[in-house]
Amino acid sequence: MEHTFTDQNFQKEVLESEIPVFVDFWAPWCGPCRLMGPVIEQLADELDGSKIKIGKCNVDDNAAMAMKFGIMSIPTMLVFKGGQVAETMVGAVQKDALKAKLEKHF
Amino acid sequence: MDIRNVIIIGSGPAGWTAAIYAARADLKPLIFEGNEPGGQLMTTTDVENFPGFVNGVMGPELMGVMRDQAKRFQTEIISAHVTSVDFSQQPLKVTVGEKDYFAKSVIISTGATARRLGLESEKQLYGKGVSACATCDGFFFKGKKVIIVGGGDSAMEEAMFLTRFAEVTIVHRRDAFRASKIMQERVMANPKITIIWNSAVDEILGVDVGHVTGVRLKDTVTGETREMAIDGVFASIGHEPNVSLFKDVLDLDEKGYLKTVPGTSKTNIPGVFAAGDVQDSHYRQAITAAGSGCMAALDAEKYLAGL
Ligand SMILES: Cc1cc2nc3c(=O)[nH]c(=O)nc-3n(C[C@H](O)[C@H](O)[C@H](O)COP(=O)(O)OP(=O)(O)OC[C@H]3O[C@@H](n4cnc5c(N)ncnc54)[C@H](O)[C@@H]3O)c2cc1C
């Protein structure tokens, strides 16, 4: 299942998560982001939810988190482990490549 | 060995149109989407000039429906980037990593990619103030200072777009723009845009702190350099055709685009056709790419019928 991260729930859902968390920072006006949308939805369904949490954070509605993590290009995708950024990806990526990257964090 | 009728490389308007035509001709095409599925239009918002959409259409939406249409006629789609080709014999060979695919004909529609400044600092600060997409990233520069490098229509367009958010400076290597008169006039009349002529970006500053803090500009006439504090760098300095796979294989024209026999999509190798921006240094529009994709599918169909 895909999660929705916000300024309000980011601390609890992402930074204090027991398992790695993948966050896609996106916005509706960004073409490459919309391309990633369905890919991320699919991965959220395909990957084991007990090993990694997958979700999106809309930068338009959640400016504080985008600012906090220095997001200046979207899509930027971050993997958090133990409250720290463990991996950064900027720009759209292909599903298979992204899947392989995420599986490494299990 | 599984030998297909036609393999299409690239999934922009040219690739999808070729797929639709080839599939409807019952050629069971296989298309490789590449690293940028949907091609250049995925990076834009409104496309106002593609016929059939009275109120315009979003680039990604247009590419989505083209894909759906190709799929509806049983186009086989593989989401992978072709890593090499061997056109020295029949069947033609197209390779993705370790895996080879064979076909009697190939349509190349690998399009074009935005040119980069080519600086190491540009690579390191990508996503940290260096952006490849004004419409995506303008938002992050609210109340900040950005430069845009370039002198063509798209540089003007992006500069105007960025004024919604930021204070914009256009940096151009020459003392006049190449852009159309109307776009130039709009830019010159815009109080939020400053222009620096005869200058090129020599270095992007901020690698040490992890985000863009400025640029070092070099005067293209005197060679003098100076530093300027800014927060963002956008480059709009044209496009390069994606021909690296074909450099020693197919003929290129003097501008480095794939060469086709005028009025056709034929390359110098029988059975290999080219469509879209990869073979068109002149028009470079979605509709012309789509039109030439149609030509390539029809040329391939005729070629296959003659085998
Ligand atoms: C910001 C922007 C706005 C634009 N706005 C308009 C507009 O409003 N109207 C208009 O008509 N045109 C517009 N254009 C131009 C238009 O996008 C192009 O003319 C058109 O997309 C060209 O289509 P194409 O099919 O030739 O290639 P592209 O769209 O460039 O697609 C190339 C495809 O090839 C694939 N590819 C490349 N290498 C490989 C490989 N080795 N293996 C497999 N696949 C590969 C890529 O993944 C991609 O899918 C715009 C362009 C940009 C950048």
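K.L.:
Quick rundown of the overall build of chain A? Include the residues and the values.
P.N.:
When helices and strands are tallied, chain A shows four helices and five strands. Going from the N terminus to the C terminus, chain A shows its helices and strands as β-α-β-α-β-α-β-β-α. Relative to its length of 106 residues, chain A is compact, with a C-alpha radius of gyration of 12 Å against a globular reference of 13 Å. In terms of principal-axis extent, the alpha carbons of chain A reach across some 30 × 30 × 20 Å. The buried share of chain A, taken over its 106 residues, is 50%. For chain A, the share of sequence-separated contacts (at least 6 apart) that also reach a separation of at least 24 residues comes to 70%. If you average the places of the 11 positive and of the 15 negative side-chain charges in chain A, the two averages end up 4 Å apart.

K.L.:
So what's going on with the overall build of chain B? Residues and values would help.
P.N.:
Within chain B, the secondary structure is distributed over seven helices and 19 strands. Taking 19 Å as the expected radius of gyration for a compact globule of 307 residues, we find that chain B reaches 21 Å, a close match to that expectation. Across its three principal directions, the C-alpha atoms of chain B cover 65 × 40 × 35 Å. Residues classed as buried in chain B amount to 50% of the 307 residues present. Of all intrachain contacts in chain B linking residues separated by at least 6 positions in sequence, the fraction that spans at least 24 positions is 58%. When the 32 basic and 37 acidic side-chain charges of chain B are each reduced to a single mean position, those positions are 2 Å apart.

K.L.:
Can you explain the site of the ligand? Please cite residues and give values.
P.N.:
Residues and elements named next belong to chain B. Taken together, 34 residues are adjacent to the ligand, and Glu36, Gln40, Val82, Asp277 and Ala286 come closest. Within the backbone of valine 82, a nitrogen or oxygen atom sits 2.8 Å from a nitrogen atom of the ligand. Contact between the ligand and arginine 284: an oxygen atom at 3.2 Å from a main-chain N or O atom of the residue. Looking at the shell around the ligand, the elements that each hand over two or more residues are α1 (13–24) and α7 (286–305). When the residues that make up the shell around the ligand are grouped by side-chain class, the tally is 12 nonpolar, 18 polar and four charged.

K.L.:
Could you give an account of the layout of surface pockets, naming the residues involved and the relevant values?
P.N.:
Taking a probe equal in size to a water molecule and rolling it over the atoms shows the remaining empty space. Approximately 550 Å³ is the volume found for the second largest pocket. Leu35 and Val39 of chain A together with Glu33, Pro37 and Arg67 of chain B are, among the 23 residues lining the second largest pocket, the residues nearest its centre. If you list the elements that add at least two residues to the lining of the second largest pocket, you get α2 (31–46) of chain A together with α2 (59–72) of chain B. A per-class count over the lining of the second largest pocket returns 11 nonpolar, seven polar and five charged.

K.L.:
A description of the environment of valine 21 of chain A should follow, citing residues and the corresponding values.
P.N.:
Residues and elements named next belong to chain A. For valine 21, the position within the fold is in strand β2 (residues 21–26). Classification of valine 21 as buried rests on a relative accessible area of 0%. Excluding its chain neighbours within four sequence positions, the residues that come into contact with valine 21 are Phe5, Glu13, Val14, Lys53, Leu78, Val79 and Phe80.

K.L.:
Describe in detail the state of the cysteines, supporting the description with residues and values.
P.N.:
Following the criterion strictly, the structure yields two disulfides over all chains and no others. The disulfide that involves cysteine 30 of chain A links it to cysteine 33 of chain A, with 2.3 Å between the sulfurs. Here cysteine 30 of chain A and cysteine 33 of chain A share a disulfide; its torsion about the S-S bond, 80 degrees, makes the bridge right-handed. Overall, the relative accessible area of 0% leaves cysteine 30 of chain A in the buried class. Paired through a disulfide, cysteine 133 of chain B and cysteine 136 of chain B show a sulfur-sulfur distance of 2.3 Å.

K.L.:
Account for the domain arrangement of chain B, naming residues and giving values.
P.N.:
Taken domain by domain, chain B holds domain 1 (3–113 + 239–304) and domain 2 (116–235). Distance between the C-alpha centres of domain 1 of chain B and domain 2 of chain B: 32 Å.

K.L.:
Requested: an account of the packing of α1 of chain B against α7 of chain B, with residues and values cited.
P.N.:
Axes are the key here: two packed helices are described by the angle between their axes and the distance separating the axes. Residues and elements named next belong to chain B. At their nearest, the axes of α1 and α7 sit 7 Å apart, and the two run at 35 degrees to each other. Of the two elements, α1 crosses α7, and the hand of that crossing is right-handed. Across the interface between the two elements, Pro13, Ala14, Thr17, Ala18, Tyr21 and Ala22 of α1 pack against Ala286, Ala289, Ala290, Gly293, Cys294, Ala297 and Leu298 of α7. Across the contact of α1 with α7, the residue classes break down as 11 nonpolar, two polar and no charged.

K.L.:
Account for the sheet that holds strand β14 (residues 199–205) of chain B, with residues named and values stated.
P.N.:
All names here are of chain B. Strands sit in the order β14-β15-β16 across an open sheet of three strands; the sheet is antiparallel. Single-partner strands in this sheet number two, and they are β14 and β16 (225–229). Between one strand and the next, the sheet's axes are offset by a mean angle of 30 degrees, whatever the strand orientation. Note that β14 and strand β15 (residues 214–219) share six bridges and pair antiparallel. The partner of leucine 205 across the bridge, within β15, is glycine 214.

Definitions and limits used
Residues numbered from 1 in each chain as written. Chains lettered and ligands numbered in written order. Predicted model: local features only at pLDDT ≥ 70, side-chain atom pairs only at ≥ 80, totals over all residues. Heavy atoms only, no water. Helix = DSSP H or I, 4+ residues; strand = E, 2+ residues; numbered from the N terminus. Rg over C-alpha atoms; globule rule 2.2 N^0.38 Å. Buried < 20%, exposed > 50% of the residue type's maximum accessible area, 1.4 Å probe, protein only. Contact = heavy atoms within 4.5 Å. Lys, Arg positive; Asp, Glu negative; His and termini not counted. Charge placed at Lys NZ, Arg CZ, Asp CG, Glu CD. Near = heavy atom within 4 Å. Polar contact = N/O pair within 3.5 Å; in protein donor to acceptor, adjacent residues only side chain to side chain. Nonpolar A, V, L, I, M, F, W, Y, C, P; charged D, E, K, R; others polar. 1 Å grid on protein atoms, 1.4 Å probe; cavity = no way out; pocket = protein on both sides within 12 Å on 5 of 7 lines; lining within 4 Å. Points joined across faces, edges and corners; volume = space filled by probe spheres on them. Disulfide = S-S within 2.5 Å. Domains from an automatic or database assignment. Axes fitted to C-alpha atoms, helices over the stretch in contact; angles between N-to-C directions. Left-handed = near helix turned anticlockwise from the far one by under 90°. Pairing = 2+ DSSP bridges.

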